[in-house]
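Understanding the architecture of this molecule
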Amino acid sequence: MRYYLDAEFNGFGGPLIALALAPEDGSAPFYAALPCPDPTPWVAAHVLPVLGTEPIARAAFGQAMTAYLAGDPDPVLIADWPEDIAHAAMALIARPGYRHPIARITFELCDAPGFDAAVTSAVPHNALEDAIALREFMLTRGC
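We now turn to the structure provided with this report.

Calculation rules
- Residues numbered from 1 in each chain as written.
- Predicted model: local features only at pLDDT ≥ 70, side-chain atom pairs only at ≥ 80, totals over all residues.
- Heavy atoms only, no water.
- Helix = DSSP H or I, 4+ residues; strand = E, 2+ residues; numbered from the N terminus.
- Expected span 1.5 Å × (residues − 1).
- Buried < 20%, exposed > 50% of the residue type's maximum accessible area, 1.4 Å probe, protein only.
- Arc of directions from axis to C-beta.
- Contact = heavy atoms within 4.5 Å.
- Salt bridge = Lys/Arg side-chain N within 4 Å of Asp/Glu carboxyl O.

Along its 12 residues, helix 2 (residues 58–69) runs 17 Å from first to last C-alpha, staying within 8% of the 16 Å computed at 1.5 Å per residue. Buried within helix 2 are the following residues: F61, G62, M65, T66 and L69. Within helix 2, the buried residues cover an arc of 125° as seen down the axis, which keeps them to one side. In the core, the buried residues of helix 2 are packed alongside strand 1 (2–9), strand 2 (16–23), strand 3 (30–33), strand 4 (76–79) and helix 3 (82–91).

And the structure:
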(Lines give C-alpha, C1' and ligand atoms only; values in the text may rest on other atoms or scores of the structure.)
Protein backbone atom coordinates (compact mmCIF):
# COMPACT_ATOMS: atom_id res chain seq x y z
CA MET A 1 0.00 0.00 0.00
CA ARG A 2 1.03 3.60 -0.45
CA TYR A 3 1.47 5.87 2.57
CA TYR A 4 1.81 9.62 2.29
CA LEU A 5 4.62 10.83 4.51
CA ASP A 6 5.27 14.07 6.31
CA ALA A 7 7.85 14.91 8.94
CA GLU A 8 8.56 17.89 11.14
CA PHE A 9 12.14 18.53 12.17
CA ASN A 10 14.05 21.06 14.20
CA GLY A 11 15.19 23.50 11.53
CA PHE A 12 16.89 22.80 8.22
CA GLY A 13 18.87 19.57 8.57
CA GLY A 14 17.80 19.28 12.21
CA PRO A 15 16.67 16.26 14.18
CA LEU A 16 13.28 14.66 13.68
CA ILE A 17 10.41 15.90 15.84
CA ALA A 18 7.35 14.13 14.38
CA LEU A 19 6.50 11.80 11.52
CA ALA A 20 3.19 10.69 10.06
CA LEU A 21 2.08 8.15 7.48
CA ALA A 22 -1.38 8.60 5.96
CA PRO A 23 -2.45 5.40 4.16
CA GLU A 24 -3.86 5.69 0.67
CA ASP A 25 -7.01 3.78 1.66
CA GLY A 26 -7.90 6.17 4.51
CA SER A 27 -7.33 3.58 7.24
CA ALA A 28 -5.74 4.50 10.55
CA PRO A 29 -2.58 6.58 10.14
CA PHE A 30 0.73 6.38 11.97
CA TYR A 31 1.79 9.41 13.97
CA ALA A 32 4.53 9.70 16.57
CA ALA A 33 6.84 12.35 17.96
CA LEU A 34 10.25 12.58 19.57
CA PRO A 35 11.38 14.98 22.30
CA CYS A 36 12.69 18.34 21.07
CA PRO A 37 14.70 19.71 24.00
CA ASP A 38 16.21 22.70 22.18
CA PRO A 39 13.75 23.91 19.53
CA THR A 40 14.57 26.67 17.10
CA PRO A 41 12.41 29.76 17.68
CA TRP A 42 10.33 28.95 14.57
CA VAL A 43 9.72 25.37 15.71
CA ALA A 44 8.84 26.55 19.23
CA ALA A 45 6.27 28.95 17.77
CA HIS A 46 4.79 26.84 14.94
CA VAL A 47 5.40 23.10 15.41
CA LEU A 48 5.44 22.30 19.13
CA PRO A 49 2.12 24.08 19.91
CA VAL A 50 0.30 21.87 17.37
CA LEU A 51 2.18 18.61 18.00
CA GLY A 52 -0.93 16.97 19.47
CA THR A 53 0.85 13.91 20.87
CA GLU A 54 3.28 13.12 23.66
CA PRO A 55 6.85 12.52 22.51
CA ILE A 56 8.29 9.04 22.96
CA ALA A 57 11.86 7.68 23.04
CA ARG A 58 13.68 7.11 19.76
CA ALA A 59 13.76 3.31 20.21
CA ALA A 60 10.01 3.22 20.85
CA PHE A 61 9.45 5.47 17.85
CA GLY A 62 11.27 3.11 15.48
CA GLN A 63 9.56 0.07 16.98
CA ALA A 64 6.13 1.70 16.62
CA MET A 65 6.71 2.67 12.99
CA THR A 66 7.99 -0.80 12.15
CA ALA A 67 5.05 -2.45 13.92
CA TYR A 68 2.64 -0.19 12.04
CA LEU A 69 4.08 -1.26 8.67
CA ALA A 70 4.59 -4.94 9.63
CA GLY A 71 1.36 -6.22 8.08
CA ASP A 72 2.10 -4.70 4.69
CA PRO A 73 4.40 -6.84 2.50
CA ASP A 74 5.24 -3.93 0.17
CA PRO A 75 4.85 -0.51 1.82
CA VAL A 76 5.59 2.53 -0.34
CA LEU A 77 6.23 5.79 1.51
CA ILE A 78 5.59 8.86 -0.64
CA ALA A 79 6.85 12.33 0.25
CA ASP A 80 7.12 15.67 -1.47
CA TRP A 81 10.33 16.64 0.36
CA PRO A 82 13.60 14.62 0.45
CA GLU A 83 14.29 15.32 4.12
CA ASP A 84 11.03 13.59 5.08
CA ILE A 85 12.29 10.42 3.41
CA ALA A 86 15.67 10.74 5.11
CA HIS A 87 14.03 11.00 8.54
CA ALA A 88 11.74 8.03 7.85
CA ALA A 89 14.71 5.91 6.78
CA MET A 90 16.72 6.96 9.85
CA ALA A 91 13.80 5.95 12.09
CA LEU A 92 14.39 2.36 10.93
CA ILE A 93 17.86 2.32 12.51
CA ALA A 94 17.67 0.70 15.94
CA ARG A 95 21.31 1.24 16.97
CA PRO A 96 24.70 1.08 15.30
CA GLY A 97 24.74 -1.89 12.94
CA TYR A 98 21.10 -2.88 13.60
CA ARG A 99 17.80 -1.87 12.08
CA HIS A 100 14.24 -2.45 13.08
CA PRO A 101 12.95 -5.55 11.27
CA ILE A 102 11.13 -4.70 8.09
CA ALA A 103 11.42 -7.04 5.13
CA ARG A 104 10.86 -4.48 2.39
CA ILE A 105 10.12 -0.78 2.06
CA THR A 106 10.15 1.62 -0.86
CA PHE A 107 10.52 5.39 -0.72
CA GLU A 108 9.18 7.62 -3.47
CA LEU A 109 9.83 11.32 -3.88
CA CYS A 110 6.99 12.95 -5.80
CA ASP A 111 6.74 16.30 -7.44
CA ALA A 112 3.61 18.01 -6.13
CA PRO A 113 3.41 21.33 -7.99
CA GLY A 114 0.93 23.63 -6.30
CA PHE A 115 0.86 21.71 -3.02
CA ASP A 116 1.36 23.86 0.06
CA ALA A 117 0.68 22.16 3.38
CA ALA A 118 0.63 25.55 5.11
CA VAL A 119 -2.46 26.37 3.01
CA THR A 120 -4.20 22.99 2.61
CA SER A 121 -3.52 21.27 5.94
CA ALA A 122 -6.24 21.35 8.61
CA VAL A 123 -3.45 22.07 11.14
CA PRO A 124 -0.35 23.42 9.37
CA HIS A 125 3.00 22.16 10.67
CA ASN A 126 1.38 19.12 12.30
CA ALA A 127 2.94 16.12 10.51
CA LEU A 128 -0.27 14.07 10.69
CA GLU A 129 -2.49 16.76 9.21
CA ASP A 130 0.16 17.64 6.62
CA ALA A 131 0.44 13.98 5.55
CA ILE A 132 -3.34 13.78 5.20
CA ALA A 133 -3.34 16.99 3.14
CA LEU A 134 -0.60 15.57 0.89
CA ARG A 135 -2.60 12.35 0.44
CA GLU A 136 -5.74 14.23 -0.53
CA PHE A 137 -3.82 16.51 -2.91
CA MET A 138 -2.08 13.62 -4.64
CA LEU A 139 -5.12 11.34 -4.86
CA THR A 140 -7.26 14.07 -6.46
CA ARG A 141 -4.57 14.25 -9.16
CA GLY A 142 -4.44 10.47 -9.64
CA CYS A 143 -1.02 10.09 -8.03
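A full pass over the atoms with the stated rule returns 3 salt bridges. Between D74 and R104 there is a salt bridge, with the nearest N and O atoms lying 2.7 Å from each other. Of this pair, D74 sits in the loop between helix 2 and strand 4 while R104 sits in the loop between strand 6 (98–99) and strand 7 (106–109); the two residues are 30 residues apart in sequence, bridging distant segments of the chain. The partner of R135 in a salt bridge is E136, with the nearest N and O atoms 2.8 Å apart. Here R135 falls in the buried class, since its relative accessible area comes to 11%.

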